[in-house]
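Observations on the model geometry
Below are the chains, spelled out letter by letter.
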Amino acid sequence: MYKHILVPVDGSTASMAALDKAAGVARAYAVPVTAIFVIDPYPFTGVGADFAYGQDQYLNAARAEAGAAIEAANTPPRQAGVQVDSRVVESHAVWRGILEAAETVGADLIVMGSHGRRGLERLVLGSVAQSVLSHTKIDTLVVRAS
């Protein structure tokens, strides 16, 4: 049924739960998994020398966080006997990075975690999962962290 599964990870409990689910589905269908971490390289708005220095610090920290999350993401699929590829991608919006990566790797299923935010917290912080669901034509399984 599925030929390739994409799993966006961010190091959270929700994304690791999604990775576990994806590994199970991938094993059942004998398909590979690609785990991605999306970095938004342009989170700052400002001018001057302090801006450039702040952005360099941000990108270094984001790449370090991405490396740790990707390293952790390799374990569950491999333990399930599933072929896993992992990569860090850059995109102005995380949801766009997820959809672009899905197209690039030829994914026909996205499995992603959701933090289950509600009310004002969701309004202020937004929802990557909701944005992906609103813009994709690919089957998407959202795993809610408990």
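One can find the structure itself at the top, above this paragraph.
An account of the accompanying structure is given in this report.

1. Observations regarding the overall build of the chain
Looking only at helices and strands, the chain has five helices and five strands in total. N-terminal to C-terminal, the α/β element order of the chain is β-α-β-α-β-α-β-α-α-β. The contacts in the chain between residues at least 6 apart in sequence include a share of 75% that link residues at least 24 apart. Element-wise, carbon and sulfur atoms account for 51% of the exposed surface of the chain, whose accessible area totals about 8,300 Å².

2. Some details on the side chain of Thr136
By secondary structure assignment, the location of Thr136 is in the loop between α5 (128-135) and β5 (139-144). Assessed through its relative accessible area of 17%, Thr136 is described here as buried. At a separation of 2.9 Å, a polar atom in the side chain of Thr136 contacts the main-chain amide nitrogen of Ile138. Other than its neighbours up to four places away in sequence, Thr136 contacts Leu99 and Ile110.

3. Here we look at the sheet that holds strand β4 (residues 109-114)
A sheet is described by the order of its strands in space; here five strands give the open sequence β3-β2-β1-β4-β5, paired in parallel fashion. Strand pairing shows two members of the sheet lacking a second neighbour, β3 (84-90) and β5, which therefore form its edges. This sheet shows a mean twist of 25° between the axes of neighbouring strands, independent of strand direction. In this sheet, β5 lies alongside β4 in parallel orientation, the contact comprising six bridges. For Leu109, the partnering residue across the bridge sits in β5 and is Asp139.

Thresholds applied
Residues numbered from 1 in each chain as written. Predicted model: local features only at pLDDT ≥ 70, side-chain atom pairs only at ≥ 80, totals over all residues. Heavy atoms only, no water. Helix = DSSP H or I, 4+ residues; strand = E, 2+ residues; numbered from the N terminus. Contact = heavy atoms within 4.5 Å. Areas by Shrake-Rupley, 256 points an atom, 1.4 Å probe, with all protein chains shown as cover. Buried < 20%, exposed > 50% of the residue type's maximum accessible area, 1.4 Å probe, protein only. Polar contact = N/O pair within 3.5 Å; in protein donor to acceptor, adjacent residues only side chain to side chain. Pairing = 2+ DSSP bridges. Axes fitted to C-alpha atoms, helices over the stretch in contact; angles between N-to-C directions.

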